[in-house]
Each structure stands twice: as structure tokens, then as C-alpha cells.
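Read off the chains here:
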Amino acid sequence: MANLEWGNKTAITEFILLGFGELPELRFLLFLLFLVIFVMTMVGNILIIVLVVIDQHLHTPMYFFLVSLSCLETCNSSNILPRLLASFLTGDRAVTFTDCLTQYYFFGCLAATECYLLAAMSYDRYIAICKPLHYATIMSTSLCLQLSAGVWISGFLTNTILTGLIVNLVFCGPKEIDHFFCDAFPLMKLSCSDTHLAGLATSTVAFVCSLPPFLLTLTSYICIIITILRIPSTRGKKKAFSTCSSHLIVVTVFYWSILTVYVLPYNDKLKDMSKVFSVFFTVLTPMINPHIYSLRNKEVKKALRQIVNLKRRELIQITLR
């Protein structure tokens, strides 16, 4: 029996993450691909955080939420990709029971938090575009702090309940998880005990955490688009539509992936599809978000140029000395 602190209810000490299957000839190529994605994700999101913290002009509600999103994406990528990269590099796909449950806990917390955060961000943009005269009054510092705290607390509390249900399951083999990270349904499939309650709770929570925020986000952007259509300038319309369409594409892919993986019944026919959709919201979305939400923004580009020019001048001065 495993000497674990999870109630001593498991007969196994580790799981094997099967990942994307036995692909020895592609292992190094996949390692390079996911390494590039991981580096781009970390650099892009950390750059947003640094720029917003340093530049006083970016201390607005919109960038406050963007920093929160960048922190979330940084944590999410750090939770999943290093373990995946190590398995590609070494071939060792074993993960301890405790580490597996820990990875699932933080993944679920961050996924739920992101759903709520995207809804809060869409509400901020709705107020800014549709009610510009009341923006400063409505989106006060206290409201931003309350929304941010509510988003993070709700996300972590929600998955704490689900993780508690999974921890109380009995695992006695087999120990191969047909996924590239520790997720709820692949884990429950290995349990010897009744998983009906845990599975129902997972699907219900996923539905509640994703569909209402998505509808709120969609409604906000519909109102935004209606407002944009009233802009007299054709150039202004194209610019605004370009930004909104990019946001909507990312948000739609994220929510559609979540709903497909966690609300549809989990079975062998859909497990490969679940892996593909999981890649979208765990790997690709964190990499794309900094570019879509921030790095194409003129204010962010200006802040970046100012910092680069400042560092260049400092370097020249040091060289002249």
C-alpha cells in the first residue's frame, strides 16, 4: 500500500502519463515545438506584467485585468508544460500520486478563474466603449479590486470541492493516464470506486463556470459591435472590428474547448478529441493571449519603445564611461 497522506486509500504510488502516445521518432521535434511555445508564453506574459508595472500610463482598469490574465497564464503554463517537456526529453512519463493531484488542483483552479476573468474583462470593455462618460465612475479602483478578488477566490474555491471528491476516490490500478497532464476524467477512469458523483460534479461545475461567463462575454461584445457600427469613420470601424474579432476568436476557442472536454460525456471515442481541445486552452491560448490583448496595442508598443530607448541610453552612457 502507498504511504500517502490522502487518506491512505490508494494502492498505487504513481501514474504514467501516456501523453500523445508512443512517438519516439517525433519526441525531440515535439520537445522543440512545446519548448518554443513555453518560452514565447512566458516571455510574452512576463513582458506585459513588467510593462504595466513600470509605465504609469498603463495603470488603468483594462491593464489591471490584463496583468491578472498574464499572471494566470504564466502560472497555468508553468503548471503543465515543464512536466510535458521533461517527459519528451527524458522519456520518463511517471508522476507521483501527490504531484498528479497537485497539478490537477491548480489546473482546475486556473481554468475556472480564467473563465470568470475573461467575463470581467469583457465587462470592462463594454463600459469603456458603450458608456465612456461613466467609465471612470463605474470602473473605480475598489470595483476592479473586488472583481479581481472575486474572480480568483471563486475559481480556487470551485476546484477545491472537485479535488476533494477526486482525492476520496480509491485507485488500485491500472495507472496509465491517457492524457498529457493530470485531468479529472482520465483520472476518474482509473478509479476502482464509484465515480458517478465526481463526474457529475465536474461536468456541472464546468458548465456553470464556462457557459454563463461566455454568454456574458458574448453579450458584451455584441453591444460593443453595435456601438462600433455607429462610428462614422470607416477606418475607425475597421480598427475596432479587428480588435474585437481577435478577442472573440480567442475567447470562443477557449470556451468551446472547455465545454467540449468537460460537458460532453467522456468516452474512448472522444478522448483523442479531448486531448486536441485541451492543447488549445492549456498550451495555445496562453501563448496567443499576450499578442491578441496587449502587444498589438499602441500604448503597450509605446511603453516598450520607451523602455528599450531608456536602456539603450543607459548602455551608451556606461560604454562612454
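Let me sum up the structure you'll find in this document. It should be emphasised that the depicted structure is a prediction, and the values quoted were computed from it without experimental measurement.

Reading the values: the criteria
Residues numbered from 1 in each chain as written. Predicted model: local features only at pLDDT ≥ 70, side-chain atom pairs only at ≥ 80, totals over all residues. Heavy atoms only, no water. Helix = DSSP H or I, 4+ residues; strand = E, 2+ residues; numbered from the N terminus. Buried < 20%, exposed > 50% of the residue type's maximum accessible area, 1.4 Å probe, protein only. Contact = heavy atoms within 4.5 Å. Areas by Shrake-Rupley, 256 points an atom, 1.4 Å probe, with all protein chains shown as cover. Pairing = 2+ DSSP bridges. Axes fitted to C-alpha atoms, helices over the stretch in contact; angles between N-to-C directions. Patch = residues over 30% accessible without salt bridge, like charges linked within 9 Å, V, L, I, M, F, W, Y side chains within 5 Å. Salt bridge = Lys/Arg side-chain N within 4 Å of Asp/Glu carboxyl O. Lys, Arg positive; Asp, Glu negative; His and termini not counted. Charge placed at Lys NZ, Arg CZ, Asp CG, Glu CD. 1 Å grid on protein atoms, 1.4 Å probe; cavity = no way out; pocket = protein on both sides within 12 Å on 5 of 7 lines; lining within 4 Å. Points joined across faces, edges and corners; volume = space filled by probe spheres on them. Nonpolar A, V, L, I, M, F, W, Y, C, P; charged D, E, K, R; others polar. Disulfide = S-S within 2.5 Å. Expected span 1.5 Å × (residues − 1).

### As for the overall build of the chain
Within the chain one finds ten helices and three strands. Each helix and strand of the chain, placed in order from N terminus to C terminus, yields the pattern β-α-α-β-α-α-α-β-α-α-α-α-α. Taken over 321 residues, the chain has a buried fraction of 44%. Counting contacts in the chain only where the partners sit at least 6 residues apart, residues at least 24 apart contribute 78% of the total. Carbon and sulfur atoms provide 68% of the accessible area of the chain, an area that totals close to 16,400 Å².

### What about the sheet that holds strand E3 (residues 176-177)?
Taken together, three strands build an open sheet; the order of strands is E2-E1-E3 and the sheet is mixed. Sheet topology places strand E2 (94-96) and E3 at the edges, where each strand pairs with a single neighbour. As defined by bridge partners, strand E1 (residues 14-17) adjoins E2 across three bridges and the pair is classed as antiparallel. For Phe15, the partnering residue across the bridge sits in E2 and is Val95. On top of the sheet, helix H3 (residues 97-130) reaches E1, E2 and E3; it is set at about 85° to E2, its chief contact.

### As for a positive patch on the surface
Residues Arg235, Lys298, Lys301, Lys302 and Arg305 make up a contiguous surface patch of positive charge. Considering each element in turn, the positive patch owes the most residues, four residues, to helix H10 (residues 298-320). In this structure, Lys298 sits in helix H10.

### With respect to the layout of surface pockets
When its volume is computed, the second largest pocket comes out at roughly 250 Å³. Together, 17 residues line the second largest pocket, and Gly21, Arg27, Ser87, Phe88 and Arg93 are the ones closest to its centre. If you list the elements that add at least two residues to the lining of the second largest pocket, you get helix H1 (27-54) and helix H2 (61-90). When residues in the lining of the second largest pocket are grouped by element, the largest group, four residues, is from H2. Broken down by class, the residue content of the lining of the second largest pocket amounts to nine nonpolar, four polar and four charged.

### Digging into the pattern of salt bridges
Tallying each qualifying case throughout the model produces three salt bridges. Here Lys175 ties to Glu14 by a salt bridge, and the two come within 3.7 Å at their closest N and O atoms. Here Glu14 lies in strand E1 and Lys175 lies in the loop between helix H5 (141-167) and E3, a separation of 161 residues in the sequence. A salt bridge links Arg125 to Asp124; the shortest N-O distance between them is 3.0 Å.

### Focus on the state of the cysteines
Scanning all chains against the criterion turns up two disulfides. Disulfide partner of Cys100: Cys182, at an S-S distance of 2.0 Å. Looking down the S-S bond of the Cys100 and Cys182 bridge, the torsion is -120°, so its handedness is left-handed. On the criterion of sequence distance, the pair formed by Cys100 in helix H3 and Cys182 in the loop between E3 and helix H6 (184-189) is long-range, its members being 82 residues apart. Between the sulfur atoms of Cys172 and its disulfide partner Cys192 the distance amounts to 1.6 Å. Where Cys172 bonds to Cys192 through sulfur, the torsion about that S-S bond is close to -125°, and the disulfide is left-handed. With Cys172 in the loop between H5 and E3 and Cys192 in the loop between H6 and helix H7 (196-229), this pair connects stretches of sequence that are 20 residues apart. Of the residues examined, Cys172 reaches a relative accessible area of 42% and is grouped as partly exposed. Assigning the bonded cysteines of the chain consecutive numbers by sequence position, one obtains the connectivity 1-3, 2-4.

### Re a nonpolar patch on the surface
A cluster of nonpolar side chains, namely Phe28, Leu32, Leu35, Val39 and Val43, defines an oily patch on the protein surface of about 430 Å² accessible area. Relative to the elements of secondary structure, Leu35 occurs in helix H1. Classification of Leu35 as partly exposed rests on a relative accessible area of 30%.

### Looking at H1
With 28 residues, H1 extends 40 Å from end C-alpha to end C-alpha; this agrees with the ideal 40 Å at 1.5 Å per step. Those residues of H1 not exposed but buried are Leu30, Phe31, Phe34, Ile37, Phe38, Thr41, Met42, Gly44, Asn45, Ile48, Leu51 and Val52.

Everything listed is a geometric property; what it means functionally is a separate question.
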